[in-house]
Amino acid sequence: MADSVKLYGTVLSAYVSRAKMALNLKGIKYENIEEDLSNKSTDLLKYNPVHKKVPVLVHNGKPISESLVIVEYIDDAWKGVPILPQDPYQRAVARFLAKFIDEKCVPAIKAVGTNGDDHQAIAEACAQLQVLENELKVKGTKFFGGDNIGLVDIAADFIAYWHGIREEAAGVTFFTKDKFPKLTKWADDFVNCQAVKNTLPPREQMLGFYMKFFGKVNGM
Ligand SMILES: N[C@@H](CCC(=O)N[C@@H](CS)C(=O)NCC(=O)O)C(=O)O
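Not measured: the values here are computed from a predicted model.

1. Things to note about the overall build of the protein
Per the secondary structure count, the protein includes ten helices and four strands. By the compact-globule yardstick of 17 Å for 220 residues, the protein fits well, its C-alpha radius of gyration being 18 Å. Seen along its three principal axes, the alpha-carbon backbone of the protein occupies a region of about 55 × 50 × 30 Å. Buried positions account for 33% of the 220 residues belonging to the protein. Put simply, of all contacts in the protein between residues at least 6 apart along the chain, 66% involve residues at least 24 apart.

Laid out in structure tokens, this is it:
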């Protein structure tokens, strides 16, 4: 019997796109179920009762939550292009960086434009982005995963696509080619990958969301 693969998500979410990228890399067909987060479905609440968040992947009736756990699950459950390195040490390094992105880097970036002291917030965000810039410099590869995208690239999807649109809406720019030559080049290459392109929300829709978020749009 064919596998049943369902993904509960929302189109604007960078977390959900991570799961879609991993599914694309493995060439897995899946049913995309769009959730209304202001009125969560009984399925979502049943499948992710702890966090009640998307994405949730349901594989043959079994739910998996948390985007990075989902990406690793997809890599374990399906053959094909590997998403994590095979070497145990390199796997640990990839997991470390993915965790760093979620716990330090992206929160620092998201603090820009929302906190009072932007100067301080920008300095902190740049310090965290510099860690990734240095990582690419030392590796000397196109992607964090080498020649092809892997766990760290997928984990950093927000930096590659969402962040630039957020900067435009907030009217604050610090992720520039001058400051981050490797990371900005990586971002361009990443969003142009076949497995990534069709998982990204339409730019105008995303911009509209952030304009509203930053209070730049009246009556929305
Ligand atoms: N750590 C989670 C974060 C997922 C997350 O924050 N999802 C958001 C959408 S972008 C959500 O479902 N929010 C609903 C809520 O907070 O009630 C992951 O990596 O999957």
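2. A closer look at the domain arrangement of the protein
For the protein, the domain assignment lists domain 1 (5-77) and domain 2 (88-212). Each of domain 1 and domain 2 has a C-alpha centre, and the two are 21 Å apart. Taken together, the twelve residues of domain 1 in the interface contact 16 residues of domain 2. Mapped by element, the contributors of at least two residues to the side of domain 1 that touches domain 2 are α1 (14-26) and α3 (67-77). Sorting elements by how many residues they give to the side of domain 1 that touches domain 2 places α1 first, with eight residues.

3. Focus: the packing of α1 against α3
Running from N to C, α1 and α3 cross one another at 10 degrees; their axes reach a closest spacing of 8 Å. The angle between α1 and α3 falls in the class roughly parallel. The segment α1 lies against α3, with Tyr 15, Arg 18, Ala 19, Ala 22, Leu 23 and Lys 26 engaging Ser 67, Ile 70, Val 71, Ile 74 and Asp 75. Taken together, the residues of the contact of α1 with α3 break down into seven nonpolar, one polar and three charged.

4. Looking at the environment of Lys 52
With respect to the element layout, Lys 52 can be found in the loop between α2 (42-47) and β3 (56-59). With 13 C-beta atoms packed within 10 Å, Lys 52 lands in the partly exposed category. In this structure, the C-alpha to C-alpha distance between Lys 52 and Phe 180, residues 128 residues apart in sequence, is 36 Å. The residues contacting Lys 52, other than those within four sequence positions of it, are Lys 40, Leu 44 and Leu 45.

5. Comments concerning the site of the ligand
Taken together, Thr 10, Ser 13, Tyr 15, Leu 37, Lys 52, Lys 53, Val 54, Pro 55, Glu 66, Ser 67 and Leu 68 make up the full set of residues adjacent to the ligand. When its residues are assigned to classes, the shell around the ligand shows five nonpolar, three polar and three charged.

6. Let's talk about the sheet that holds strand β2 (residues 31-34)
Strand order across the open sheet formed by four strands is β2-β1-β3-β4, with mixed pairing between neighbours. What marks the edges here is a single partner per strand, and that holds for β2 and β4 (62-65). Sheet twist, expressed as the mean angle between neighbouring strand axes with direction ignored, is 20 degrees. As paired elements, β3 and β4 share four bridges and run antiparallel to each other. Across the sheet, residue His 59 finds its bridge partner in β4, namely Lys 62.

Rules behind the numbers
Throughout this document, residue positions are counted from 1 along each chain, in the order its sequence is written. Only residues with pLDDT of at least 70 are given local features in this predicted model, and only at 80 or more are side-chain atom pairs given and counted; all residues enter the totals for whole chains, interfaces and linings. Runs of E in the DSSP output that reach at least two residues are strands. Runs of H or I that reach at least four are helices, and both are numbered from the N terminus. Atoms counted for the radius of gyration: C-alpha only. Globule rule: 2.2 Å times residue count to the power 0.38. Three exposure classes are used. Buried residues have 20 or more other C-beta atoms within 10 Å of their own C-beta, exposed residues have 12 or fewer, and partly exposed residues fall in between, all C-beta atoms being placed from the backbone. We call two residues in contact when their backbone-placed C-beta atoms lie within 7 Å. A domain assignment, automatic or from a database, supplies the domain bounds used here. In this analysis an axis means a line fitted to C-alpha atoms, helices contributing only their contacting stretch, and an angle means the value between N-to-C directions, from 0 to 180 degrees. When describing relative orientation, an angle under 35 degrees is termed roughly parallel and one over 145 degrees roughly antiparallel, while 65 to 115 degrees is termed roughly perpendicular and anything else oblique. Following the grouping adopted for this structure description, the nonpolar residues are Ala, Val, Leu, Ile, Met, Phe, Trp, Tyr, Cys and Pro, the charged ones are Asp, Glu, Lys and Arg, and the polar ones are all others, Gly among them. Only the C-beta atom, placed from the backbone, is used; a residue is near a molecule or strand if that atom lies within 6 Å of it. Criterion used throughout: strands pair if DSSP finds at least two bridges between them.

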